[in-house]
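# Descriptive analysis of the structure
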Amino acid sequence: MSRITLTTSALAILATSTAAAARDQVQVAGSSTVLPYATIVAELFGENFDHPTPVIESGGSSAGLKKFCDGVGDNTIDIANASRRIKPAEIAACEVAGVSELIEVRIGYDGIVFASDIGGESFAFTPADWYKALAAEIVQDGRLAPNPATMWNEVNPDLPAQEIVAFVPGTKHGTREVFDLKVIEQGCKDSGAAAELESLGADAGRHCTSLRTDGRAVEIDGDYTETLARIDSNTDGIGVFGLSFYENNTVKLQVATMNGVVPSAETIASGNYPVSRPLYFYVKQAHFDMVPGLKDYAEFFVSDDIAGPGGPLADYGLVPDPELAETQEILADEVLMN
Amino acid sequence: MSDQAARPISLLKRSGHTARRHAAEARFRTCGLGAILIGLLALAMLLASVLGSGLGAFRQTYIHLPIHLDEAALDKSGNRDPKALKKVTTISYGKVIAASLNDTVLQAGIATQGLTKDDIAGIISREAPAQVRDMVLSDTDLIGKTIQVRLLANGRIDGYLKGRITAATAARDSNVSPAQLQLADVMMERGLMSLDFNAAFLTAPDASDQRPEAAGLGVAILGSAYMMLIVLALALPIGVAASIYLEEFAPKNGLTDLIEVNISNLAAVPSIVFGILGLAIFINFAGLPHSAPVVGGLVLTLMTLPTIIIATRASLKAVPPSIRQAAQGLGASRMQAVFHHVLPLAAPGILTGAILGLAQALGETAPLLLIGMVAFVREYPGAPPEGLFDPASALPVQIYNWTQRADPAFVERASGAIIVLLAFLLFMNAGAILLRRRFERRW
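Residues numbered from 1 in each chain as written. Chains lettered and ligands numbered in written order. Predicted model: local features only at pLDDT ≥ 70, side-chain atom pairs only at ≥ 80, totals over all residues. Heavy atoms only, no water.

## Let's talk about the interface of chain A and chain B
Going by this rule: Contacts: residue pairs with any heavy atoms within 4.5 Å of one another. Summed over both partners, the accessible surface that disappears when two parts come together, traced with a 1.4 Å probe, is what is meant by buried area. Criterion for a salt bridge: a side-chain nitrogen of Lys or Arg within 4 Å of a carboxyl oxygen of Asp or Glu. Whenever two N or O atoms come within 3.5 Å, that pair is a polar contact, provided that in protein one can donate a hydrogen and the other can accept it, and provided that, for residues adjacent in sequence, both atoms are side-chain atoms.
The interface of chain A with chain B comprises 43 residues on the first partner and 51 residues on the second. In total, chain A and chain B occlude about 4,000 Å² of area from one another, counting both sides; carbon and sulfur atoms represent 54% of this. When the buried area of chain A at its contact with chain B is split by residue, Glu 43, Glu 47 and Asn 75 of chain A rank highest and sum to 15% of it. Where chain A meets chain B, there are 5 salt bridges. One can count 22 residue pairs in polar contact (both at pLDDT 80 or more) joining chain A with chain B.

## Description of the domain arrangement of chain A
Residues and elements named next belong to chain A. Formally: Domain boundaries shown here were taken from an automatic or database domain assignment. Throughout this entry, Asp, Glu, Lys and Arg are counted as charged residues, while Ala, Val, Leu, Ile, Met, Phe, Trp, Tyr, Cys and Pro are counted as nonpolar. The remaining residues, Gly among them, count as polar.
Its domain assignment divides chain A into domain 1 (2-109 + 277-333) and domain 2 (111-276). Inter-centroid distance (C-alpha atoms) of domain 1 to domain 2 is 32 Å. At the junction of the two partners, domain 1 supplies 15 residues and domain 2 supplies 18 residues. Taken together, the two surfaces of domain 1 and domain 2 that pack against each other cover about 1,300 Å², and 49% of this comes from carbon and sulfur. Contact with domain 2 buries area across many residues of domain 1, yet Arg 277, Tyr 316 and Val 319 alone supply 43% of it, more than any other trio. Two residues, Glu 177 and Lys 87, come together in a salt bridge whose shortest N-O distance is 3.7 Å. Here domain 1 is connected to domain 2 by 3 residue pairs in polar contact (both at pLDDT 80 or more). Residue composition of the side of domain 1 that touches domain 2, by class: 4 nonpolar, 8 polar and 3 charged.

## Describing the environment of Arg 20 of chain B
Stated formally: Elements are defined by DSSP. Helices are runs of H or I of four residues or more, strands are runs of E of two residues or more, and each kind is numbered from the N terminus. Accessible area is worked out with a 1.4 Å probe on protein chains only. A residue is then buried under 20% of its type maximum, exposed over 50%, and partly exposed in between.
As for its position among the elements, Arg 20 of chain B is in helix H2 (residues 16-54). A residue is classified by how much of its surface remains accessible, and Arg 20 of chain B, at 57% relative accessible area, is exposed.

## Some remarks on the environment of Ala 347 of chain B
By the secondary structure assignment, Ala 347 of chain B is in helix H17 (residues 334-362). Of the residues examined, Ala 347 of chain B reaches a relative accessible area of 27% and is grouped as partly exposed.

## Details of the layout of surface pockets
The test is simple: Site definitions follow a grid-based scheme: protein atoms alone, a 1 Å grid, a 1.4 Å probe that fits but cannot get out for cavities, and for pockets an open set with protein on both sides within 12 Å along at least five of seven lines, plus lining residues having an atom within 4 Å of a point. Grid points are joined across faces, edges and corners, and a volume is the space filled by probe spheres set on the points.
Of the pockets and cavities examined, the largest pocket occupies roughly 1,400 Å³. Elements with a minimum of two residues in the lining of the largest pocket: helix H2 (35-48), helix H11 (243-248) and helix H15 (312-316) of chain A together with helix H5 (90-107), helix H6 (117-121), helix H7 (128-138) and helix H8 (155-161) of chain B. For the lining of the largest pocket, the leading source of residues is H5 of chain B, giving 8 residues. Split by residue class, the lining of the largest pocket holds 12 nonpolar, 14 polar and 14 charged. Size it by volume and the second largest pocket reaches roughly 680 Å³. Broken down by element, the residue count for the lining of the second largest pocket peaks at 5 residues, all from H7 of chain B.

## A look at the domain arrangement of chain B
All names here are of chain B. You can read the domains of chain B as domain 1 (61-198) and domain 2 (218-439). Each of domain 1 and domain 2 has a C-alpha centre, and these two points are 45 Å apart. If you look at the interface, domain 1 gives 6 residues, while domain 2 gives 6 residues. Carbon and sulfur atoms make up 25% of the area that domain 1 and domain 2 hide from each other, which totals about 440 Å². At the boundary of domain 1 and domain 2, one finds 4 salt bridges. In this structure, the salt-bridge partner of Arg 378 is Glu 127, at a minimum N-O distance of 3.8 Å. Summed over the shared surface of domain 1 and domain 2, the result is 3 residue pairs in polar contact (both at pLDDT 80 or more). Each residue belonging to the side of domain 1 that touches domain 2 can be placed in one class, and the counts come to no nonpolar, 1 polar and 5 charged.

Here it is in structure tokens:
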């Protein structure tokens, strides 16, 4: 009999507490690139404010935004971290679920770096090298042909004679979009391939960004730690990392230059290093009144002490946003995205 | 015919057939032995790699330091107003600690060539200001005094003392310099720094990427314990009731056969499916909160139920029918026969099955992914029952999280967490064996 009472009491607790489960801590999900920054801020927030430390999930920008657009209410998340801007389709999905009052917060910039094993050759890339090495099909003798390149020195004689193996982020990562846009598409244009494709009547947009599938462009769906493990086991591999991840692993990795520029916070802030992107988080205005501490957390995140130069985020590898003051105003005035 | 007559079979002489049979047996034994050796080798490799990289997590580098809690920096008004004191952030406390460390190093006459003030302060963990701030907020009389404290050292310094980082790798490391390592060496000699047992690893909450030295398993262990509590409270009674009914009372027909097949099938369903179910039913439909142990516990209950039902039915079946017949022959009802005689005899088997089911649930990550428990959680959940609705992490989730962190120091933490999880599993499985040995009856 005692077993039965135990069960019923457990169920009773369940039933009564469901209604009363008002939340007092901020819940966040999204980009694994933003995750380390968000945890650093959450930790400092928990230490210095009376509110509890926010709970932060990762899982990728797309997954986070999808969760974010589930609706408004206690059992939906308050903030989605993203390493790219929200897409119109996602805004539409949000609106369908009743999440129409979004505030977009840009927290700073992150560089995307190309790094290889510390014991191997060093590389000086241009976007055109990456396009020629990784494009699925290239124009040869006036026709489209599968990419024949197997060694880096075949695409550019200045590069070392090393097998082409590249670990690029999978499509669920926001980083991939930036990689496609700023490296592969740029390389397609720079190398003149885009013009050649158009003269052939082929769809340049699609041919420029389709990567080869013969095992030389390996998509990594996990985190940068997986990319690092792949390079550990195949020292010919070149991986795509966030600047902060590289800076924490300078013992194992050496970084390649892009267009002759070494990636660093300075070169990314000045715009000399070409492959960088802004990082964002999106917050539901409707939750400001519902979840205590939500606005404090959002404002704390982009305060000068945290996201500004010399702050803990900059220490970790975030490139501070020169227009941080504007972001702070957007949050203070609760300016919605349109 | 004539051939057989010419070769009579002798019992004293080994025939070719016997020799072949013996050889086959010897071959089979070697194969079996080989299989066991391969298994043992794999286990030894796993243990060696986990213990090799994880034992370090149970020891931690601490800095012993007198800290002058400067009133001018921490309480400008001087009236110890709790509200004003709370406004003083960890950044101010960081400066106070850095100044005290600098003074201590200077007074001890330690050479600091090639080190800036920031470099010297860099050997202390970023967690330290929070430690000191908590101390001051809980006892405001400390302000203005000099107190002796034990602070965490930075993860890289800790890594150096544990042999993970060497002067050669530090030269290439952007987060630590060889000069800082030399300073650590000197401080170690002077007794300002020590490598002690790390109890906080089992009690402290998770920490961010910048503080691997402060990360602990406290929230994860609590979250796992809450979930196991729910699984035990729900899966055991439901599972046992279902099996008793199916085994002892239900008519044997097509419907019960169908149920039986389905239960066996559910036991083999991938655990992520239960996570999807949990998200749809418990969070989206029932409105339970994200990241809460209650949802995790319910999902794991669903996952563990088939295991418990199968084990319970097997142990009920193992009780000889003569027991039931004897009880009923003496006038007991069917229910009395089951509850007074069959169930007590089957109990050891049921408990073993339940413990094994719990152990399986304890190590499960996939279903928790979808219900938001794979997260960075720093706040301890409250006491049950309300605490069951607070966000928490779980042991296997914590391992998964740590393996994804950029700082290599988290590899040690992740392996340490694996050791803790293995210890819990070993403890539970040993309990199951003990119960079986103790109470099992054979007929």
